[in-house]
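Here's the letter readout for the chains.
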Amino acid sequence: MDRLAEHYALCGVALRDSDRDRWLACLFAPDAERPHLFALYAFNAEVSRIREHVSQPILGEMRLQWWIEALNGSPGGEVRGDLHAHPVADALLSTVETLSLPRKTLVDLLEARRFDLYDDPAPDLHFLEAYCGETCSSLFRLAGLILGGTGGKESAEAAGHAGCAYALTGLLRAFPWHVVHHQCYLPRDVLQRHGLEPRNLFAREDGPGLRSALAEMRALARDHLSRARQAVAALQTQERLAYLPLALPELYLREMERRDYDPYKTLVEVAQWRRQWALWRAKI
């Protein structure tokens, strides 16, 4: 196995361990495109967890800047030589160059991830949807290009709504983890409509206000999910494979509506066999 093939394989292993849902979805992709999807999603898994691995924001900023410089660097020479020692970066840059993926989309994703490094709450719903767009919607768009999509208006609409639906669901799932780490992705304007402030969340105050705020966010995720499904139906068959992960948000949203759901304690999970079944049904 040559170096690059080994690095693509390592991306698959890293993705399986860090983002099982996207890894499962990749298994339904054609053999030729699957390594490129592994590289894209392994990159996302790594940069989305930077905060977990640094002791202060400036160190996270440095890691993001390293990725930005790698993406903005020339495809050869010293930059490429340095990246050979980093399997995910090496595979991602190879995918970007081979398929002529837009580097700016990846750089914008990295810039949006700066928000993750700090404790500032999401100021409003418009900000949060833009954040979801720059991060998760970008992944759907790039995955669609990897799978032969044109990147046209229909693709942009599908990716926009898909990213918001998927990311909002993920943020709601991670609510207990964010509270522990004093991060607030529930927008201030939504909280205020329900008589809350971020400090109420960090104090672990439960009640009708929190439950109604979370219900509003779940309804928003479902609205984007419905719009995404309509837009995806207009895409070519192979590009639609990029949107297989959309089979999963509804499973998680339902778990959050169980009577025994505790938003401060429940890290929402769904049995893997149920997720695989949902993905398989979505594919056919």
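Residues numbered from 1 in each chain as written. Predicted model: local features only at pLDDT ≥ 70, side-chain atom pairs only at ≥ 80, totals over all residues. Heavy atoms only, no water.

Draft legend 1. Spatial organisation of the nonpolar core. The biggest cluster of nonpolar side chains holds 96 residues, and the ones touching the most others in it are Phe43, Leu186, Met217 and Tyr243. Every residue in contact with Leu186, bar those within four places of it in the chain, is listed here: Ala122, Leu172, Phe175, Leu191, Leu201, Leu214 and Met217. (Core = buried A, V, L, I, M, F, W, Y, C linked by side-chain atoms within 4.5 Å. Buried < 20%, exposed > 50% of the residue type's maximum accessible area, 1.4 Å probe, protein only. Contact = heavy atoms within 4.5 Å.)

Draft legend 2. Here's a closer look at the layout of surface pockets. Approximately 1100 Å³ is the volume attributed to the largest pocket. Around the largest pocket, the lining comprises 36 residues; the ones closest to its centre are Ser48, Arg49, Gly170, Arg173 and Ala174. Secondary-structure elements contributing two or more residues to the lining of the largest pocket are α1 (3-18), α2 (20-26), α3 (34-48), α8 (125-146), α9 (153-173), α10 (175-180) and α15 (249-255). The leading source of residues in the lining of the largest pocket is α9, at six residues. Class assignment for the residues of the lining of the largest pocket results in 14 nonpolar, eight polar and 14 charged. Computed from the structure, the second largest pocket encloses a volume of approximately 340 Å³. Along the walls of the second largest pocket sit Arg229, Val232, Thr237, Arg240, Leu241, Tyr243, Leu244, Leu246, Ala247, Ala282 and Lys283, which together make up its complete lining. (1 Å grid on protein atoms, 1.4 Å probe; cavity = no way out; pocket = protein on both sides within 12 Å on 5 of 7 lines; lining within 4 Å. Points joined across faces, edges and corners; volume = space filled by probe spheres on them. Helix = DSSP H or I, 4+ residues; strand = E, 2+ residues; numbered from the N terminus. Nonpolar A, V, L, I, M, F, W, Y, C, P; charged D, E, K, R; others polar.)

Draft legend 3. How the structure looks around α3. Between its terminal C-alpha atoms α3 stretches 21 Å, which fits the 21 Å expected from 15 residues at 1.5 Å a residue. Of all 15 residues in α3, twelve are buried; the element is thus mostly enclosed. By the burial criterion, the buried members of α3 are Arg34, His36, Leu37, Phe38, Ala39, Leu40, Tyr41, Ala42, Phe43, Asn44, Ala45 and Val47. Looking at the buried positions of α3, the neighbouring elements they touch are α1, α2, α4 (57-72), α6 (87-99), α7 (103-112) and α8. (Expected span 1.5 Å × (residues − 1).)

Draft legend 4. Looking closely at the side chain of Arg51. In this fold, Arg51 is placed in the loop between α3 and α4. From its side chain, Arg51 meets the backbone oxygen of Asp116 in a polar contact 3.2 Å long. Setting aside its immediate chain neighbours within four residues, Arg51 contacts Asp116, Leu117, Tyr118, Asp119, His181 and Gln183. (Polar contact = N/O pair within 3.5 Å; in protein donor to acceptor, adjacent residues only side chain to side chain.)

Draft legend 5. Seen up close, the environment of Tyr261. By the secondary structure assignment, Tyr261 is in the loop between α15 and α16 (272-283). By relative accessible area, which is 6% here, Tyr261 ends up buried. Residue contacts for Tyr261: discarding those within four places in its chain leaves Leu172, Arg211, Glu255, Met256, Thr266 and Val268.

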